[in-house]
Amino acid sequence: MLCGSLVFFLLLANGCSNENSKETMINNMMLKEWTGPYGGIPAFDKMNLSEVKQAIEDGMVMSLKEIDEIANNSEQPTFENTILTMERSGAALDRAFAYYGILTSNMSTPEFRDIQEELAPKISEFSSEISQNKMLFERIKKVYKESKKQPLELDKQRVVNLVYEQFAINGAELDDDSKKRYAEINKELSTLYTNFSNNVLADEEGIVLYLTKGQLGGLSDSFIKAIAQAATDHDEEGKYAISNTRSVAEPFLSYSTERKLRKKVWKNYKSRGDNDDEHDNKEIIARILRLRDERVSLLGYDNYASWRLQDRMAKNPENAMKLMNAVWPAALESVKHEVADMQAVAKKLGDNIKIEPWDYLYFAEKVRKEKYDLDFDKVKPYLQLDKLREAMFFVAGELFKFQFEPVPEGSVPVFHEDVKVWEVSDIVTGKFIGLWYLDAYARKGKRSGAWATTYRSHTSFDEDKTVLSSNNSNFIKPAPGDPVLVSWTDAETFFHEFGHALHFLSSNVKYPTLNGGVRDYTEFQSQLLERWLSTDKVINNYLVHYQTGEVIPGELVAKIKKAATFNQGYKTTEYLSSALVDMKLHMQDDLSNIDIDEFEQSILAELNMPTEIAMRHRLPHFSHIFSGEGYAAAYYGYIWADVLTSDVAEMFAEAPGGFYDKEVSSKLVKYLFAPRNTLDPAEAYRLFRGRDANIDAIMRDRGFPVP
Ligand SMILES: [Zn+2]
């Protein structure tokens with residue numbers, strides 16, 4: 001029902017404005033203004049699958065109409081009548097997308113996936129219509145050029161620069177033929193992305209290994225309880241379900257004594273999207289790569305990576321590769337030592353084996369016990385999800401002056417009974433800042449992993465908009481009445497995602513565009529938050545035993561700290577191999593006959609990848625880079641950001657007040673959180689630190705030699 005782009009405004013005058021849906025537009029709940037308390041909140045309880053398609057389609061029509069009015073304004077283009085009006089446009093569609101996001105990530109169903117597949121190309125067409133609107137771009141360009149002669153206020157200037165650059169790098173200056181092809185490519189890509197992620201999800205949900213009672217060796221009671229419940233949910237009462245997701249596979253691989261089963265679970269998990277069946281992703285990937293390459297060549301770039309990195313903190317693939325190559329050899333060296341330690345343990349236990357990838361986590365646990373006398377099973381009773389959440393609130397209070405209070409029961413609609421909501425306000429002034437939604441538990445139709453998002457971001461250009469932020473994870477829901485005990489890694493991830501939420505909540509930006517995240521920078525704020533988990537104040541007040549209420553013993557904490565660099569060879573190698581393959585893949589010149597498995601293997605061979613370790617995300621299920629473009633040629637961003645993380649953490653550690661130092665934390669919020677993209681990240685970092693970051697701190701953190 002979308003009108004063709006180039007003739008859109010003409011057709012509007014001719015009545016192609018989708019008359020028949022005017023009525024539904026007004027009545028469609030997904031497009032409606034958010035009402036109620038807290039500056040208006042989404043009506044998640046009223047979400048209806050039957051309305052979603054119409055909502056997105058109508059929302060796009062409304063948005064395009066707004067954009068069109070801007071483009072056709074007869075007045076001379078100014079910041080106000082062009083950029084500012086654009087910033088204001090698309091509000092109804094944004095609301096619809098908040099619901100769409102929930103249906104995509106938290107509450108997906110086969111029915112919704114059909115709708116998604118149908119909408120994806122239309123959404124792509126929609127954004128092409130905007131990014132390729134010639135008249136609109138001419139106006140933006142005029143404002144941009146004018147601002148180069150007569151600079152605007154800092155934040156206005158930043159918006160103008162970012163908007164102009166976004167249009168320029170997305171094909172606004174192409175000739176008509178190229179524009180047409182550009183839009184076709186994006187449309188096809190959008191479908192491929194959807195297919196890719198649906199295939200991964202299908203292999204995560206569809207491949208379940210059922211165990212019997214005799215096959216549970218080494219597994220913890222709570223894990224057994226959870227997989228028994230999962231089997232019951234699958235109508236396999238009395239069995240134990242190992243579903244094909246990270247939250248199940250990793251603990252299984254770490255503790256199961258059944259080597260053959262470990263191999264099976266590992267193979268299932270690492271073969272997602274790579275089973276040469278209807279859910280195989282290899283052809284999809286090859287097609288995606290070719291289309292990406294063709295698209296950037298229309299713009300005159302050598303490869304996708306160069307195009308992608310120009311507005312990132314790294315600026316170009318060479319800088320990103322330089323960092324990865326500096327760390328890689330140290331990681332490989334570390335793996336050698338780790339494997340030797342594991343072989344020795346295996347020998348001692350009478351296992352005459354060569355360590356294979358499905359053995360790594362299992363024997364690493366054994367080494368951890370032997371070398372550091374650290375048994376993470378002994379730590380787990382002190383890691384209660386609720387207490388960890390309270391600890392995060394405490395940290396947010398100390399650093400950000402935020403106070404969290406649960407909203408009155410039933411006052412904020414949620415999309416599932418498991419979702420809980422808190423009100424966030426300023427401790428000092430009492431000013432309301434926003435809401436924080438937590439969707440903690442795994443469920444069918446929810447994507448795996450953990451993530452943070454917003455339903456509404458802070459802006460102040462019209463009126464003060466408060467933040468609706470959310471954290472999502474996949475903890476296994478306990479039997480009623482039981483506490484949720486999580487692993488140390490999961491506790492870190494919980495803090496990590498909360499760091500993203502704090503980054504959203506602390507925003508003081510004026511314009512929506514300035515809320516945008518710079519991909520290799522926005523992981524820094526979240527990674528940094530992880531560091532507070534092991535601060536004394538958190539340990540002594542929140543890491544308490546779920547039965548006795550006793551604080552985690554000091555010697556156990558000392559062991560955790562001592563073991564901090566443990567297995568860093570493995571972690572760095574599994575991550576960096578994925579990041580390097582991602583980057584090299586997107587720097588390729590010739591993709592005409594690319595064979596995905598072969599490419600993956602040849603790059604790994606070139607890198608001297610240890611045979612005992614697999615990539616964290618093999619290409620056939622590397623959702624970061626193929627279910628969209630967010631992390632394509634950008635997976636390196638995590639280590640890029642971690643360089644900053646380590647450097648800032650050292651600054652805290654050396655400050656008089658340590659991790660709760662008032663001066664450092666207020667500077668942190670001021671320069672590295674609140675401005676989001678109002679300041680150039682490299683510049684913001686220099687304002688905070690007084691210099692650029694270097695890799696010394698990250699090498700120390702990982703127990704690698706400082707070059
Ligand atoms: Zn993150």
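This one's a predicted model, so the numbers in the text were calculated from it and none came from an experiment.

**Here we look at the overall build of the protein**
Piece 1. Counting secondary structure elements, the protein contains 29 helices and seven strands.
Piece 2. By the compact-globule yardstick of 27 Å for 707 residues, the protein fits well, its C-alpha radius of gyration being 26 Å.
Piece 3. Residue burial in the protein is summarised as follows: out of 707 residues, 57% are buried.
Piece 4. Sequence-distant contacts in the protein: of pairs separated by 6 or more residues, those separated by 24 or more amount to 75%.
Piece 5. One way to put it: in the protein the 85 positive side-chain charges average out to a point 3 Å from where the 108 negative ones average out.

**Details of the coordination of the zinc ion**
Piece 1. Coordination of the zinc ion by the protein comes from His-496 (NE2), His-500 (NE2) and Glu-523 (OE), over a distance range of 2.1 Å.
Piece 2. Taken in sequence order, the residues that donate to the zinc ion follow the motif H-x3-H-x22-E. A residue pair is termed long-range when its members are at least 10 positions apart, and His-496 in helix 19 (residues 488-505) and Glu-523 in helix 20 (residues 522-530) qualify at 27 residues.

**Side note on the pattern of salt bridges**
Piece 1. Using the criterion set out here, one finds 56 salt bridges in the structure.
Piece 2. A salt bridge links Asp-386 to Arg-389; its shortest N-O distance comes to 3.6 Å. Here Asp-386 and its partner Arg-389 are both found in helix 18 (residues 385-400), three residues apart, which amounts to about one turn of the helix.
Piece 3. Residue classification places Arg-389 among the buried residues on the basis of a relative accessible area of 13%.
Piece 4. Several salt bridges converge on common partners, so that one network encompasses Asp-274, Asp-276, Asp-280, Lys-282, Asp-597, Glu-600 and Arg-618.

**So, the packing of helix 23 (residues 568-585) against helix 24 (residues 596-606)**
Piece 1. Their axes nearest at 10 Å, the elements helix 23 and helix 24 cross at an angle of 115 degrees. Handedness of the helix 23/helix 24 crossing: right-handed. Residue-level contacts link Ser-577, Val-581, Lys-584 and Leu-585 of helix 23 to Phe-599, Ile-603, Leu-604 and Glu-606 of helix 24.
Piece 2. Looking at the contact of helix 23 with helix 24 residue by residue, the classes come out as five nonpolar, one polar and two charged.

**Examining the confidence of the model for the protein**
Piece 1. With 96% of its residues at a pLDDT of 70 or more, the protein has an overall mean of 93.
Piece 2. Every residue in residues 1-23 is under pLDDT 50, and counting partners more than four places away or in other chains gives 33 contacts.

**Let's talk about the side chain of Arg-262**
Piece 1. Tracing the backbone through its elements, the reader meets Arg-262 in helix 12 (residues 259-270).
Piece 2. Judged by relative accessible area, Arg-262 falls into the buried class, the value being 2%.
Piece 3. Look past the residues within four positions of Arg-262 in its chain and what remains in contact with it is Phe-252, Leu-253, Ser-256, Thr-257, Trp-358, Asp-359, Tyr-362 and Phe-363.

**Let's talk about the packing of helix 3 (residues 49-71) against helix 7 (residues 134-149)**
Piece 1. In the contact formed by helix 3 and helix 7, the axes pass within 8 Å of each other and the chain directions differ by 55 degrees. When the axes of helix 3 and helix 7 are compared, the pair comes out oblique. Viewed along their axes, helix 3 and helix 7 form a crossing whose handedness is left-handed. Here Ile-67, Ile-70 and Ala-71 of helix 3 lie close against helix 7, whose contacting residues are Met-135, Leu-136 and Arg-139.
Piece 2. Residues of the contact of helix 3 with helix 7, tallied by class, amount to five nonpolar, no polar and one charged.

Rules and cut-offs
Residues numbered from 1 in each chain as written. Predicted model: local features only at pLDDT ≥ 70, side-chain atom pairs only at ≥ 80, totals over all residues. Heavy atoms only, no water. Helix = DSSP H or I, 4+ residues; strand = E, 2+ residues; numbered from the N terminus. Rg over C-alpha atoms; globule rule 2.2 N^0.38 Å. Buried < 20%, exposed > 50% of the residue type's maximum accessible area, 1.4 Å probe, protein only. Contact = heavy atoms within 4.5 Å. Lys, Arg positive; Asp, Glu negative; His and termini not counted. Charge placed at Lys NZ, Arg CZ, Asp CG, Glu CD. Donors = N, O, S within 2.8 Å, 3.2 Å for Na, K, Ca; no water. Salt bridge = Lys/Arg side-chain N within 4 Å of Asp/Glu carboxyl O. Axes fitted to C-alpha atoms, helices over the stretch in contact; angles between N-to-C directions. Left-handed = near helix turned anticlockwise from the far one by under 90°. Nonpolar A, V, L, I, M, F, W, Y, C, P; charged D, E, K, R; others polar. pLDDT = per-residue confidence, 0-100. Parallel < 35°, antiparallel > 145°, perpendicular 65-115°, else oblique.

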